[in-house]
Amino acid sequence: MRKAGAVTRKHTAIKTSWVDFTASHRQSLYVDSEGSEQLRQQAVFELRAHLWLLPADGKAVLQELNLIEGDLHDLPSEKDFVKLIEERIRLLGALEKAPHLHAYSGPVLLSPGAAGLFFHEVIGHRLEGSRLLSAEEGATFRDLQGKRIAPRFIDIVDDPTKRTFRGRSMIGHFLFDDEGNPARRATLVERGVLESFLTGSGPLPGQRELNGHARNAYHERPISRMGNLFVVNREPVAPAELRERFLEEIRRQKKKYGIWVKETLGGETGTSSYDFQAFKGEIMHAVRVFADGREEPVRGVDFVGTPLSALDAILCMGDDDTLDNAWCGAESGTLPVSTIAPSALLRNLELQAKRRESLTQYAMPLPYEQGARRGA
């Protein structure tokens, strides 16, 4: 941690930074009145770095590394972690000079991590069946079972029984849910058609099969939640073809450019009947791609939308399925989840301006800058 954290001292433009490592091991004993007795254990390892830069315009730029694994050996070595931090520092330098976008609507290419977040927020939470039993929920997909909600080439499956994906541990793995039910593979969407919802012990209207997805953190009440969400593309497109289709869509719509979302920080979605049925993805790194293929980094925007129109806008997806381990917060607490998704091209997705606060530059040099000047 000290060696990795010391890298930022050579870059005085970075005013705030930290590096940390967390290892957690949860062990719980489940007992119920039906005679079940289950001992459960789960380990999660997190290696993180936070880098914050204040450009001359007073609009802060940040980069984060959030490496979350279920096996300690899946984390990078010290040397590789330092390289990742150095890459983020170079990216901060590029973003410092990047133009601000205030709004955008048009073709968007999502990297695998961003696409995973997109599906998690757009459809994942809305297929948590416990929400269908509450009058407080908007229940976007309540009456759409057996109907097409996505392109024919898309399947969506949640399978918490899978332990690994291409050699990496999946932290959304569990064999029994938090109501003592055996976890089962749940086919949620098949060839674009909504097949089922995630369930706990309680049956759902129109769905007899239970799939053991009731989950909770500590003292919270269990509700059906995602575990390992797989977005399966039946018609994978190679990277070169995906990019060409992106450029063709930009030209077809006569747009000056499209947006390629490379990395996201996190997201949120509203599912209650009181609120808007919308979602948001916080963008950490994006570039605009011009019709002739030129690229330019941009900053200051997040992607937003509503679920049905967003799913309808998917044109094609890549062949670069990637695992993303993360934490997901909802009514039953913050839980470890895994998402596997490829890149996705959308004909239209809206971007809106981030909340931007103008900050004053530091009046005094940082303590280690003073030490460097004195030769300490």
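The following refers to the structure shown. Being a predicted model, the structure only gives us computed values, none of them experimental.

Reading the values: the criteria
- Residues numbered from 1 in each chain as written.
- Predicted model: local features only at pLDDT ≥ 70, side-chain atom pairs only at ≥ 80, totals over all residues.
- Heavy atoms only, no water.
- Pairing = 2+ DSSP bridges.
- Helix = DSSP H or I, 4+ residues; strand = E, 2+ residues; numbered from the N terminus.
- Contact = heavy atoms within 4.5 Å.
- Axes fitted to C-alpha atoms, helices over the stretch in contact; angles between N-to-C directions.
- Buried < 20%, exposed > 50% of the residue type's maximum accessible area, 1.4 Å probe, protein only.
- Core = buried A, V, L, I, M, F, W, Y, C linked by side-chain atoms within 4.5 Å.
- Phe/Tyr/Trp six-rings, centres within 6.5 Å; stacked < 30°, edge-to-face > 60°.
- Salt bridge = Lys/Arg side-chain N within 4 Å of Asp/Glu carboxyl O.
- Polar contact = N/O pair within 3.5 Å; in protein donor to acceptor, adjacent residues only side chain to side chain.

1. Description of the sheet that holds strand β18 (residues 322–330)
So, point 1. The strand order β9-β8-β5-β12-β19-β18 describes an open sheet built from 6 strands, whose pairing is mixed. Each of the sheet's edge strands pairs with one partner strand only, and the pair in question is β9 (193–194) and β18.
So, point 2. Across 2 bridges, the pairing between strand β8 (residues 186–190) and β9 is antiparallel. Paired with Val189 across the two strands is Leu194, which belongs to β9.
So, point 3. Set on the sheet, helix α3 (residues 112–124) makes contact with β5 (154–158), β8, β12 (228–233), β18 and β19 (333–341); between it and β19 the angle comes to about 125°.

2. A closer look at unusual backbone geometry
So, point 1. Residue Arg191 is not a glycine yet carries a positive backbone phi of 50°.
So, point 2. Relative accessible area serves as the criterion here: at 47%, Arg191 is assigned to the partly exposed category.

3. Overview of the nonpolar core
So, point 1. The biggest cluster of nonpolar side chains holds 50 residues, and the ones touching the most others in it are Leu110, Phe118, Phe119, Ile123, Ile259, Phe303 and Ile314.
So, point 2. Here this core gets 7 residues from one element, more than from any other, and that element is α3.
So, point 3. Once residues within four sequence positions are removed from consideration, Ile123 is found in contact with Phe118, Phe141, Ile149, Ile156, Val189 and Leu311.
So, point 4. Of all hydrophobic cores here, the second largest spans 20 residues; its members include Leu53, Leu75, Leu92 and Leu95.

4. Here's the deal with the packing of aromatic side chains
So, point 1. Applying the stated criterion across every chain, the model contains 5 aromatic pairs.
So, point 2. Taking the centre distance of 5.7 Å and the plane angle of 85° together, the rings of Phe118 and Phe279 count as edge-to-face. With a gap of 161 residues between them, Phe118 in helix α3 and Phe279 in strand β14 (residues 279–290) connect regions that are remote in the sequence.
So, point 3. For Phe118, a relative accessible area of 1% gives the class buried.

5. Some remarks on the pattern of salt bridges
So, point 1. Summed over the entire model, instances satisfying the criterion amount to 19 salt bridges.
So, point 2. In this structure, Asp57 and Arg299 form a salt bridge, with 2.9 Å as the shortest nitrogen-oxygen distance. Residue Asp57 is found in the loop between β2 (37–53) and β3 (61–69), and its partner Arg299 is found in the loop between β15 (295–298) and β16 (301–305); the two are separated by 242 residues along the sequence.
So, point 3. Between Glu296 and Arg288 there is a salt bridge, with its nearest N and O atoms 2.6 Å apart.
So, point 4. On the basis of relative accessibility, which here comes to 15%, the residue Arg288 falls in the buried class.

6. A word on α3
So, point 1. Of all 13 residues that make up α3, 12 are buried, and the element is covered over most of its length.
So, point 2. Those residues of α3 that fall on the buried side of the exposure criterion are Pro112, Ala114, Ala115, Gly116, Leu117, Phe118, Phe119, His120, Glu121, Val122, Ile123 and Gly124.

7. A few points about the pairing of strand β20 (residues 344–353)
So, point 1. Across 7 bridges, the pairing between strand β4 (residues 103–110) and β20 is antiparallel. Across the sheet, the residue bridging to Tyr104 is Leu351, located in β20.
So, point 2. The pairing of β16 with β20 spans 4 bridges and is classified as antiparallel. Within β20, the position partnered with Val304 by the bridge is Glu350.
So, point 3. With 3 bridges connecting them, strand β17 (residues 314–317) and β20 associate as antiparallel partners. When the sheet's bridge partners are listed, Ile314 is paired in β20 with Leu346.

8. Brief notes about the sheet that holds strand β1 (residues 14–31)
So, point 1. Strand order in the open sheet formed by 3 strands is β1-β2-β3, and the pairing between neighbours is antiparallel. Edge positions in the sheet fall to β1 and β3, since each has one partner strand and no second. In this sheet, neighbouring strand axes are inclined to one another by 15° on average, regardless of whether the strands run parallel or antiparallel.
So, point 2. Taken strand by strand, helix α2 (residues 78–96) contacts β1, β2 and β3, and its axis lies near 155° from that of β3.

9. Observations regarding the side chain of Ser196
So, point 1. Mapped onto the secondary structure, Ser196 falls in the loop between β9 and β10 (214–215).
So, point 2. We classify Ser196 as buried; its relative accessible area is 11%.
So, point 3. A distance of 2.6 Å separates a polar side-chain atom of Ser196 from the backbone oxygen of Thr187.
So, point 4. Beyond its immediate chain neighbours, meaning those up to four positions away, Ser196 contacts Gln145, Thr187, Leu188 and Gln207.

10. Observations regarding the environment of Pro205
So, point 1. Tracing the sequence through the fold places Pro205 in the loop between β9 and β10.
So, point 2. Separated by 76 residues in the primary sequence, Pro205 and Gly129 place their C-alpha atoms 9.5 Å from one another.
So, point 3. The contacts of Pro205, once residues within four sequence positions are left out, are Leu133 and Gln145.

11. Describing the environment of Gln41
So, point 1. Here Gln41 lies in strand β2.
So, point 2. C-alpha of Gln41 to C-alpha of Phe174: the two residues are 133 residues apart in sequence and 9.4 Å apart in space.
So, point 3. For Gln41, the residues in contact, after removing those within four places along its chain, are His25, Arg26 and Gln27.
So, point 4. Side chain to side chain, Gln41 and His25 meet in a polar contact 3.3 Å long.

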